[in-house]
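Structural description and commentary
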Amino acid sequence: MKKILILVFTEIFLFSFGQKKMSNVEYKNSAEVFTIKGLSQSTSIDCGTSRMILLSGQVPLDTTGNLVGNNVEEQTRQVFKNIEYILKEYGATGKDIVKLGIFITDISKTPDFRKIRDQYINLQNPPVSSLVEVSRLFRDDVLIEVEATAVIKNK
């Protein structure tokens, strides 16, 4: 009997104080960014007073899918334009980014990446980042791919 009571009280506690299921998940694409059929550009999760926005890795393709730039600096500019276009769908900007994942084919070009990145992020509180040198991305002419996570207040 004691085990049953403990089990019942445990279930009541978990049910009462457990995290509520976050059922408000939203997927969005921007018409300004090239979309690959079957992939989402972003998703947002309602976290109560705020919303977390997760972006797929962005590459330097324009609206029609053409590569923009032939060096890290030019490609990074297009990547961050794409990130801004997607974040705009949620009422956010690059200043709301809290995490970046950077995949680059030549780590010695990191200063070129940072020069452009710094034009888009909050330099007072820069996002946490992971930088990984890769041997190749999905195309040989793509030199950089960037994932981003942003957080905004719910309206």
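Residues numbered from 1 in each chain as written. Predicted model: local features only at pLDDT ≥ 70, side-chain atom pairs only at ≥ 80, totals over all residues. Heavy atoms only, no water.

As a further point, take the overall build of the chain. The secondary structure content of the chain amounts to 3 helices and 6 strands. Along the chain, from the amino end to the carboxyl end, the secondary structure elements read α-β-β-β-α-β-α-β-β. For the chain, with 155 residues in total, the buried portion stands at 34%. Of the contacts formed within the chain by residues at least 6 apart in sequence, a portion of 71% connects residues at least 24 apart. Put simply, the chain shows about 9,700 Å² of open surface, and 56% of that area lies on carbon and sulfur atoms. (Helix = DSSP H or I, 4+ residues; strand = E, 2+ residues; numbered from the N terminus. Buried < 20%, exposed > 50% of the residue type's maximum accessible area, 1.4 Å probe, protein only. Contact = heavy atoms within 4.5 Å. Areas by Shrake-Rupley, 256 points an atom, 1.4 Å probe, with all protein chains shown as cover.)

If you look at the biggest cluster of nonpolar residues, it comprises 25 residues, and the most contacted ones within it are Ile53, Ile83, Leu87, Leu100, Ile144 and Val146. When contributions to this core are tallied by element, the ones reaching two or more residues are strand E3 (50-58), helix H2 (72-88), strand E4 (97-104), helix H3 (110-117) and strand E6 (144-153). Ranked by residues supplied to this core, first place goes to H2 with 6 residues. Look past the residues within four positions of Ile83 in its chain and what remains in contact with it is Leu55, Gln58, Ile97, Val146 and Ala148. Counting residues in each nonpolar core, the second largest holds 5 residues, with Val59, Leu61, Val134 and Leu137 among its members. (Core = buried A, V, L, I, M, F, W, Y, C linked by side-chain atoms within 4.5 Å.)

What follows covers a nonpolar patch on the surface. Taken together, Phe34, Ile36 and Leu39 make up a surface patch of nonpolar side chains, about 270 Å² in accessible area. Structurally, Ile36 can be placed in the loop between strand E1 (25-28) and strand E2 (42-46). The partly exposed category is assigned to Ile36, whose relative accessible area is 43%. (Patch = residues over 30% accessible without salt bridge, like charges linked within 9 Å, V, L, I, M, F, W, Y side chains within 5 Å. Salt bridge = Lys/Arg side-chain N within 4 Å of Asp/Glu carboxyl O.)

Keep in mind these values describe shape, not function.
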